[in-house]
Each structure stands twice: as structure tokens, then as C-alpha cells.
Amino acid sequence: RSSEPPGCSLRLPGAAVPTGCAAGRAPLAPSTRSDIRDCSADPPYLPPTATNTTARLAVLRGILRTHGAHAYIVPATDAHMSEYISERDARLGWLSGFTGSAGTAVVTRDEAALWTDSRYWTQAERELDCNWELQRTTSIESIVTWILKVVPAEGNVSLDPFLFSIDTWNSYSRALHGSGRTLLPLETNLVDQAWGDQRPLPSSSEIYSLPAEFTGSSWQEKVAGIRQRMEQHARRPTAVLLSGLEETAWLFNLRGDDIPYNPVFYSYTLLTNTTISLFVEQARLSEEARQSLRSGCPGPLCVELQEYGQVSAHLRRYAQGNVTVWLGTEYTTYGLYAIIPQEKLLEESYSPVMMAKAVKNTHEQEMLRAAHVRADPIPTVPCRLGGDFRGLSASMHFAGQAQEHSRGPSFQSISASGLNAALAHYSPSNGSSRTLSAREMYLFDTGGQYLDGTTDITRTVHWGEPTPLQKEAYTRVLMGNIDLSRLVFPSNTAGRTVESFARRALWDVGLNYGHGTGHGIGNFLSVHEWPVGFQSNNVPLEAGMFTSIEPGYYQDGEFGIRIEDVALVVEAQTEKPFLTFEVVSLVPYDRNLIDLSLLSPEQIRYLNSYYERIRAHVGPELRRQRLEEAYAWLQESTEPFPVSSAGTAAAGSLALASLLSVLLSGLGV
């Protein structure tokens, strides 16, 4: 065995081991901009993380000319509007080399450009070669403005209608209207043609039934509930079309693994008043799943199994009758939408299945709580630095795989130090890996899939002496997390209405972060579950919904901070029906980074109460797992803070000067 201290034996891609955990030399200071491309240099400089796309673009451009297209739009999603996609559907990543989860590419006969948001600007500069122009926005107006500059009048702008949402298609159509350019749908995907035999094969793994003890209710009860919603709707729809992969998986209590980290499978469902049609690759259904679905045959609870590729033809036949089809526009592609005559459509942002799934019943709530109590101790295994416990383990891997009911991670863990942590969605690669140091911030974001729930948690630590800037920035992120977590608000309040509470402490000194403040989370489903969250297209919060709360701050090229907890929306102890949050993530924050003088007495009392719950729930679980070293670390890390240490924001003026210096330098002052 290695002589390294416990918790320090695993060397991670992209994070390595911290200084003090291995016998090694101090890391070399990285060149400030050697990690990104420089297309103005002669010859152009490309970091090792960039992908050579010259040959791929040449093949695609040849196909463009064959189809008479002048431009082709490539999104980052699949035919089900999934956030996470399979390797087979990673068309944008294969074509451009950019692996971020949000982006749009446009390729013309001579030009290529990629649009993405602020989370991925630095990542894009690391991964794109000089064939690509990076556009630092995601607006369709910007994309169309660029297209109008490079596509000649009377030119064709093509796309695959089964990869674009209804709203996105309509936005392109409106923006191009009257420009002389034609929006031309092509059901043959041109990137797939260019990819050819190298495109990964579809999944062939089994689709299985979720054991009854891990479901909130039977699929028959869920179908009855959706049909009841259909009857109660003023339009009295005759059918519900489900395109989102989570919708069908949840409705029938089925799971698969067609998409990494997401226990879903490719499928569609058409649920009518009297029939149920499930479009899926039938041969992949387990015998138990098949028997469950067919147990009600014949009758209104009989699931008619049809092949996945038959959904368009079936929907076209059904739409010929006297019918009304209810669908959620957020997850339905324009390709399917266009099949149904407009007068036969009932359009809402989210289907009734998506809305029902968002509110967890009592059993589902208890399962998610249990999953967090069991899983959250995993990141808290301490790492000795200089013989002292100084933070959370740098051996940040998905140790939860050994836990009860585990089915693997819920996303690719983010393990980032120093400047890598400044990338909100950093992903390690050979060209960006670096050695951890006690002189830097370290951010890790991890989660697991369990039969009883999905987890997601982020913590940021510093093993050495943080700078005043780092300490104040961290404390203000923590203040935002606390302020939103302890908020009491009226029922039927939209998340976007209260989202600013998470940003206020940062705004006070002119700082902000460029990502959302939180997202819904599923019961052994997606780690990012819509429609819950704090953005403009999220639904009002209701008791029974789970959401993350995750403010952050990112100083490009230096460090990144994010603190993420999962919380349940619960009824507040108020006379009138108000709501609040119950945080179910149970991992302490880094005491080394907290400036108590910035916190109010109420914030410190909240922290102490939270730490009491961690001790009460996690302590016994660590002892049950015989993790005595982690238990000792937990007791030390959850010591109550003295309320007398509370101060005012003015106490942070020393660090504020540093913050203002950063801001001014960013403005070129």
C-alpha cells in the first residue's frame, strides 16, 4: 500500500493530488493564456485541447452543396430536447470539438461559427480550432444577423426539424421572414451523413421496471391521474403526446441507460382517453417490464407497444380524426408539432405529466431525503495536509457507487482547482489537468443516481491561506445561499421572483455569476429536472418540489466558487399559506473561507441550526458505515459559530478594495 495518508491515494484526471498528499515537487505556474487558442498568431496557436475540424467541415460542406443549402444550423440537443445527450447525438461536439452542453453552430459553404453562453466561453476557446468564430451570446437574433451577412439573398438556410423546439423554429422563421432567405427543413440530418460509419451505435441495453418500493405510485395510478387532468381541462383534450424522455420513464416506472448519467431510454408516448401507445425499441424491454405494461390488456390500461420510429406515422393517422392533442412545447420538436393541424392542438409550456412529476408525494420526498443522508457523507472524507485536517478530500470521485441502491453518478463530476474552477462547468482533459495545491481554491461538484433519488452537491474549499478577495467572495456566495435557503415567501411564487436573494450579497460589491441559481431534481431521473427552478421559464414553486440552490462567483484565470445544496419546498410555519425551503444536502461549508464578520446574527444562527441537523442525520450514518475518521472530521467541522462574531458588510472593506481593483482592471482602468 501507498504511504500516503488516508483519502489521498487516488490520482484524478484534471485534479491530481494536493500538495502535501504526495511526495512531489511544487507545480509550475501555468502560462496565463497557453490554455486557449490564439488565431491571430502566425502560425495560429492551438492548445492541446483543441480539435482539428478541417476535414469534418469539408465533408459537411460538400453535402450542403448537394442539398442546395447555403447554411446549416446544428444544435446541441437531441430529438427529445434533452439537456444531456448520448454520444450518438453529440453532433455539435463531433463537428466543432466543443463539448459544452449549450451551444449552436452554423456552417456555411465558407464560414463556421459557434454561439454559447458565458459559462462556456473559456471552454470554447480551449476546444475550438481556428476554423470557428466564437460568438459570445446565444440569442437567435445574433445568429440570424450573422446568417444574413454570410448567406446570399435567395439562399437556403437548412436544419433538421426534429432537433429544434417549436419556439426556436418559430423564432428563426420570424427572423428570416422577408429577408429573401428560405428556412428549409431537411429530415435527413446532414451532420449524420458527414459523420458516417464513425457515428456511435445506439444503445442496446435493457429497459427495466423500477421496483415497486422505489416508485411514488403505480404506473396505472399515474395514467389515471393524467386522464383525470385531461377531463378537467376546459379544452377536454383527447390525447397527451409525451416527447421528453423523463416523461415516459416516470409515467411507466421504467428506466434505461441510453444517455450517460440519466436513467432514461428513447421513447414517445401517446396517451388517449381509452388507449396507450408506447413507442420504444420493443426488443430491449425486460420480460418483467413487458408483463407490467401488458397486464391490463385488453382495456384502457393496456399499453400498445410500437416501434420507436413509428411515432410520426402514427401521430399523422391519429390527427386525421376529431381529436385534440395536448403537448408541452418545451420538449416537443417542430418536426412532430408540424404533423398536427393547428386547430387540433392544445399547447402549454409543459405537459401534464411534467407538471405531475415535479411535485413529489410524501413517499418520494422521504426517498430523496434518505438518498442525501446516505450519499452526502461521501465528499466529507478528510485529507491530511501537513498532518492536519484542513478540508474536504481531494480524492473527489464518485465513491457513492459503493452505497446502497447506487446506480452510478448523476453527471460527470467537476473536480477543478485554481483557474480551472473559474469555468463553471469545467471538464478535465489531458491539456487542462493540473496539480492541486494548498495555495489554491478547489471546487468539486458531484452527484449520484440511486434507486430512491438523485443527488447533486457542490463545495469549494481552500487548504491553505486564502486571500482576502477569495475569503470575502466565498462568504458572499455563502450569504446568498443562506438568504435564499431561509427565505419565507407566498404560495404560487415563481422562482425568478426570489432568485435575486441569492445574488444580493454579491451585488452589494458589484459582483455576479453567469449561470442559473438552481434547477429541479428528480427521483432517480435527471439531475436537472424541469420545470422547477429560478429562471423565467420555470413554473411557480409548490410544496413538494425539489430544487438546487447554487450561487457562485468566478474570477477568470484565477479561481471559482460555487456552493450548491438541494432543497425541498415546504409549507412555512406562518398563519397564512407561505412557503420556505428545507435543505436536504448535509455537508458542512469550509470554515477556512468564512469571514464571520460579514454575516448577520440571523445568518450565523441559520448556519448553526443547519450544522445541528448535519450532526443529527449524517453523524449516525457515518458511524453505521464505520467511517470514524470522517465522523471525527464532521464533528470538528460542524462546531457552532459564535453569534457574537457577526458584523456588518462594512467589515469586509479590506477585501472590498481588492474586489474593486479586480473590477477596475477588468474594465481596463
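Residues numbered from 1 in each chain as written. Predicted model: local features only at pLDDT ≥ 70, side-chain atom pairs only at ≥ 80, totals over all residues. Heavy atoms only, no water.

I tried to follow empty space enclosed by the protein on my own but got confused; where do I start?
Any empty space left between atoms is shown by rolling a water-sized probe over those atoms. Tallying each qualifying case throughout the model produces five cavities of 30 Å³ or more. Considering the residues around the second largest cavity, the lining is formed by Leu 210, Phe 214, Thr 215, Gly 216, Lys 222, Trp 250, Asn 253, Arg 255, Glu 364, Met 367 and Asn 523. A breakdown of the residues in the lining of the second largest cavity according to their chemical character gives four nonpolar, four polar and three charged. (1 Å grid on protein atoms, 1.4 Å probe; cavity = no way out; pocket = protein on both sides within 12 Å on 5 of 7 lines; lining within 4 Å. Points joined across faces, edges and corners; volume = space filled by probe spheres on them. Nonpolar A, V, L, I, M, F, W, Y, C, P; charged D, E, K, R; others polar.)

Mind showing me how you'd approach the sheet that holds strand 4 (residues 133–135) here?
Across a sheet, strands are paired by hydrogen bonds formed along the backbone, either parallel or antiparallel in direction. Strand order across the open sheet formed by six strands is 4-3-2-1-5-6, with mixed pairing between neighbours. Sheet topology places strand 4 and strand 6 (182–185) at the edges, where each strand pairs with a single neighbour. Put simply, the sheet's adjacent strands are angled 25 degrees from each other on average, direction ignored. With four bridges connecting them, strand 5 (residues 156–159) and strand 6 associate as parallel partners. Considered in strand 6, the bridge of Leu 159 is made with Pro 185. Each of strand 1 (71–75), strand 2 (104–108) and strand 3 (112–115) is contacted by helix 1 (residues 54–66), which is oriented at about 65 degrees to strand 2, the strand it contacts most. Each of strand 1, strand 2, strand 3, strand 4 and strand 5 is contacted by helix 4 (residues 140–150), which is oriented at about 5 degrees to strand 2, the strand it contacts most. (Pairing = 2+ DSSP bridges. Helix = DSSP H or I, 4+ residues; strand = E, 2+ residues; numbered from the N terminus. Axes fitted to C-alpha atoms, helices over the stretch in contact; angles between N-to-C directions. Contact = heavy atoms within 4.5 Å.)

What am I meant to see in unusual backbone geometry here?
The phi angle of most residues is negative, glycine excepted, and most peptide bonds adopt the trans form. With an omega dihedral of 0 degrees, the bond running from Asp 42 to Pro 43 counts as a cis peptide bond. Looking at the secondary structure, you find Pro 43 in the segment before helix 1. Of note, the bond from Cys 297 into Pro 298 is cis; its omega dihedral lies within 30 degrees of zero at -15 degrees. Note on placement: Pro 298 falls in the loop between helix 9 (287–294) and strand 12 (303–306).

Sorry if this is basic, but what is going on with the packing of aromatic side chains here?
Aromatic ring pairs: the centre-centre distance and the angle between the two ring planes describe each pair. What the rule picks out here adds up to 19 aromatic pairs. Plain terms: the ring middles of Tyr 442 and Trp 463 are 5.1 Å apart, the flat faces sit at 25 degrees to each other, and that makes the pair stacked. With Tyr 442 in strand 19 (residues 441–446) and Trp 463 in the loop between strand 22 (457–462) and helix 14 (468–485), the pair connects residues that are 21 residues apart, well separated along the chain. Considered together, Tyr 442 and Trp 463 belong to a single accessibility category, that of buried residues. (Phe/Tyr/Trp six-rings, centres within 6.5 Å; stacked < 30°, edge-to-face > 60°. Buried < 20%, exposed > 50% of the residue type's maximum accessible area, 1.4 Å probe, protein only.)

Can you walk me through the sheet that holds strand 20 (residues 448–450) in this structure?
In space, the three strands of this open sheet follow the order 17-20-21, with antiparallel pairing throughout. Both edges of this open sheet fall to strand 17 (406–409) and strand 21 (453–454), since each of them pairs with a single strand only. With two bridges joining them, strand 17 and strand 20 adopt antiparallel strand pairing. Looking at the pairing, Ser 406 lines up with Tyr 450 of strand 20.

Could you clarify how one ought to interpret the environment of Val 106 in this entry?
Of note, Val 106 is situated in strand 2. With relative accessibility at 0%, the residue Val 106 sits in the buried group. As for Val 106 and Ile 143, which are separated by 37 residues in sequence, their C-alpha atoms are 8.0 Å apart. Here Val 106 is in contact with Ala 71, Tyr 72, Ile 73, Glu 111, Ala 112, Ala 113, Trp 115, Ile 143, Trp 146 and Ile 147, once residues within four sequence places are set aside.

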